[in-house]
Amino acid sequence: MSGDGREGDRRDDEVRGAPRIPGPRGAVDDLDLEAMARPVLPPPGSPAPDGAVPGQGATEADGGTEAVPDAVTEGAAPGAGPEAGAARSEAGPGSVEAGAEDEAGTEDAVTGREDEAGPGDAVAEPDEPDEPDEPAGPVPSLPVTAVSSPVLSHQVLKALLGAWALSACSAEETAAVEEHLTECAPCADEALRLRDAVGLLHTDGSLDLDPTLRTRVLDGCLGRRPARIPIPEWATAYDAETARLDALLRDIGDSEWHAPVRLQWFEEERAVTRRTTVAGVIGHLMAVDGLVSAALGLEDPLGADGVTGGAEVPLSPTRRTETFWAATYPPATRAVREPWRDLTHELIRTASLAAPNVAERSVSYGDFALPLQDALLDRAFECWVHGTDIAEAVDYPYGPPSAAHLHRMIDLAARMLPAALAGRRRAGLAGPARDLVAPGEPGRSLHLEVEGHGGGDWYIALDSPAAVGSPDRAVAQVALDGVEFCQLVAGHISPVEAAAGQEGDREAIRDVLFASASLSRL
């Protein structure tokens, strides 16, 4: 055998080439060692942590004997079978030296040592745990790379503006876009417009049309091109509310015309309800509108088609409604919309073409009468109230009238309150008059403060319809919201629940609130 171990290598080749009976196959041979993560060896001279590298620098659990490195005891890679072990045992001293050189080279590659390892480095006594040696060379550290925003061209950044406005960009893209916006004025303007557009898409407001939209559009059109025959100012509220109700009726389906609707009003000291359908409500409006059409010389819808059977047409709104409902069997359907719509258009057209003094023409309601301008305002109020009833029945959005029209409706109710107080006093439902004055003189008054939409201040004469309300003689004050006051007048809320603020004469406050509810009717 030569000193370099070549003869031993030839003997190994001869041994490996001889036929052998394979030994038992170990379970480790079934493992895929290439796919398994290899443990990182500690630097030489430093104690290995417990459990970090098995078999190095650790003691056996059962005997307490010091473990010997695998490279010395086995002389082969982990997982080698009995063939490799036999070849190692027959190789001789030269093979041991060659294996030691390979092991030393492996340790040098792991630890980064620059000096060459000698043959004596293969078998080394492990250092004492209490006196660890310093590593021979510095341990290399991994480089830390900073994450920077991508460098994007102007065209790419401009294309990202829409996604940036919708907050759909990544963090890197957002940083790049916002840095670009500080340098590019055209892109900054475009980003501002896109962000404003996104704000319109995510609005929390209602998507329903503003009830004042129709009035604003008509005012804008008429401002540019005045109507040849304008609608009188006192008829605009009726025109607007009938148009809103007609739009609701156009949107609902055939089956919804039979949806149940609960009509509610106030009689004497209690609330009264009546159930009907959407078609029945429109028939009720058309029956009461016939009072206005008769005052203008038009055909009464109850007198046509034999509705009353030749009998006298009643004047009371309640009796007219009951007559129409009794005459329409089977119950009215969608077909009632067209005659009601035609009647409203004819009323507005006739009022617009009539002489200016037609506004003062009296319209009889049986128990009382109103001038034509107030009668059309009353009909506008009832269209809004019953339109709300229908909207609740079919789950349709329906807001209050415009502020100007609502203010006029509140003003009409406030002007009717002194007469309603006197009527309740005659029926024994209100307190006696305390201070009668001459007609036209200031009398005891209640300050009605209506807040919010269409609000204002009114002074209601308490003791006589002929007296004039005066702030100097106010003995009480009531504060309500505008829509809440209209619901009270319509009989939809109780008088004891209506007033948000009350001050002064308690009896006067109660009389006015109950008189307001008594203005309601079917």
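For the structure itself, look to the data block above.
The rules behind these values
Numbering of residues starts from 1 in every chain and runs along the sequence as written. Thresholds applied to this predicted model are a pLDDT of at least 70 for local features of residues and 80 or more for the giving and counting of side-chain atom pairs; totals over whole chains, interfaces and linings are not thresholded and use all residues. To get the side-chain values, all heavy atoms of the structure are used, and hydrogens and water are removed first. Segments assigned H or I by DSSP are reported as helices when at least four residues long, segments assigned E as strands when at least two residues long, and all are numbered from the N terminus. The classification of residues rests on relative accessible area computed with a 1.4 Å probe and restricted to protein chains. Under 20% of the type maximum is buried, over 50% is exposed, and intermediate values are partly exposed. Only heavy atoms matter for contacts: two residues are in contact if any of them lie within 4.5 Å across the pair. The accessible surface values rely on the Shrake-Rupley method and a 1.4 Å probe; as for residues, cover is taken only from the protein chains in view. How far a helix is expected to stretch is found by multiplying one less than its residue total by 1.5 Å. Grid points spaced at 1 Å over the protein atoms alone were grouped into cavities, where a 1.4 Å probe fits but cannot get out, and pockets, open sets with protein on both sides within 12 Å along at least five of seven lines, with lining residues defined by an atom within 4 Å of a point. Grid points are joined across faces, edges and corners, and a volume is the space filled by probe spheres set on the points. Gly falls in the polar group here, along with every residue not listed as nonpolar (Ala, Val, Leu, Ile, Met, Phe, Trp, Tyr, Cys, Pro) or charged (Asp, Glu, Lys, Arg). Two N or O atoms form a polar contact when they lie within 3.5 Å of each other; inside protein one atom must be a possible hydrogen donor and the other a possible acceptor, and for residues adjacent in sequence the pair counts only when both atoms belong to side chains. Note on definitions: angles span 0 to 180 degrees between N-to-C directions of axes, and those axes are lines fitted to C-alpha atoms, for helices only across the stretch in contact. An angle counts as roughly parallel when it lies under 35 degrees, as roughly antiparallel when it exceeds 145, as roughly perpendicular when it falls between 65 and 115, and as oblique in every other case. Handedness of a crossing is defined here by the sense of rotation of the near helix relative to the far one, left-handed for an anticlockwise turn of less than a right angle and right-handed for a clockwise turn. The arc in question is traced by the directions running from the helix axis to the C-beta atoms. The rule for pairing is simple: two strands pair if DSSP sees at least two bridges between them.

## Points about the overall build of the protein
- What the protein contains, in helices and strands, is 17 helices and eight strands.
- Across the 522 residues that make up the protein, the buried fraction comes to 35%.
- Long-range pairs, those at least 24 residues apart, make up 67% of the contacts in the protein between residues at least 6 apart in sequence.
- Counting only carbon and sulfur atoms, one obtains 53% of the accessible surface of the protein, whose full area is about 30500 Å².

## Describing helix α13 (residues 337–353)
- Its 17 residues place the ends of α13 24 Å apart at the C-alpha level, agreeing with the 24 Å of an ideal helix rising 1.5 Å per residue.
- Buried within α13 we find R337, W340, L343, T344, L347, I348, T350, A351 and S352.
- Structurally, α13 contributes buried residues whose contacts are with α10 (236–251), α11 (278–295) and α14 (372–394).

## A short note on the environment of V437
- Tracing the chain through its elements places V437 in the loop between α15 (403–426) and β5 (442–451).
- Each C-alpha atom of the pair V437 and V468 lies 9.4 Å from the other, and the pair is 31 residues apart in sequence.
- Excluding anything up to four places from it in sequence, V437 contacts P442, G443, A467 and R473.

## Here we look at empty space enclosed by the protein
- Counting across every chain of the model gives three cavities of 30 Å³ or more.
- Its volume calculated, the largest cavity comes out at about 280 Å³.
- Surrounding the largest cavity, 20 residues form its lining, D378, F381, V489, L519 and R521 being those nearest its centre.
- Within the residue set of the lining of the largest cavity, elements represented by two or more residues are α14, α15 and α16 (482–489).
- In terms of residues, the lining of the largest cavity owes the most to one element, α14, which gives six residues.
- Tallied by class, the residues present in the lining of the largest cavity amount to 13 nonpolar, four polar and three charged.
- For the second largest cavity, the calculated volume is near 80 Å³.
- Residue lining of the second largest cavity: L421, R425, G431, P432, R434, R444, L462, D463, D505, E507, A508 and D511, and that is the complete set.
- Those elements that place two or more of their residues in the lining of the second largest cavity are α15 and α17 (506–518).
- Take the lining of the second largest cavity: its biggest share by element is three residues, from α17.
- Each residue belonging to the lining of the second largest cavity can be placed in one class, and the counts come to four nonpolar, one polar and seven charged.

## Focus: the side chain of E241
- Mapped onto the secondary structure, E241 falls in helix α10.
- What makes E241 buried here is its relative accessible area of 2%.
- A polar side-chain atom of E241 sits 3.0 Å from a polar atom in the side chain of R244.
- With near-sequence residues (within four places) excluded, E241 lies in contact with A380, C383, W384, Y398, P401 and M409.

## Some points on the packing of α10 against α13
- Packing of α10 against α13 leaves a shortest axis separation of 11 Å and a crossing angle of 160 degrees. On the basis of the axis angle, α10 is roughly antiparallel to α13. For the pair α10 and α13, the crossing hand works out as left-handed. Packed against α10, whose contacting residues are Y238, D239, T242, L245, D246, L249 and R250, the element α13 presents R337, W340, R341, T344, L347 and I348 at the interface.
- Residue composition of the contact of α10 with α13, by class: six nonpolar, two polar and five charged.

## Some words on helix α12 (residues 317–327)
- Within α12, the full set of buried residues consists of P317, R320, T321, F324 and W325. With its buried residues spanning 130 degrees around the axis, α12 presents them on a single face. The exposed residues of α12 that point more than 90 degrees off its buried face are R319 and A326.

## Quick look at unusual backbone geometry
- Even without a glycine there, the phi angle at S167 is positive, about 60 degrees.
- Counting through the fold element by element, S167 comes out in the loop between α6 (161–165) and α7 (171–181).
- With a relative accessible area of 64%, S167 lands in the exposed category.

## Things to note about the sheet that holds β5
- Spatially, four strands are ordered β6-β5-β7-β8 in an open sheet, and the strand pairing comes out mixed. This sheet does not close on itself; its edge strands, each paired only once, are β6 (456–461) and β8 (501–504). Ignoring which end each strand starts from, the neighbouring axes of this sheet average 30 degrees apart.
- Judged from the six bridges that link them, β5 and β6 form a sheet pairing that is antiparallel. Bridge assignment links L446 to a residue of β6, and that residue is I460.
- Contacts from α15 reach β5 and β6 within the one sheet, and its direction differs from that of β6 by about 15 degrees.
- Along the sheet, α17 makes contact with β5, β7 (468–481) and β8, crossing β8 at roughly 135 degrees.

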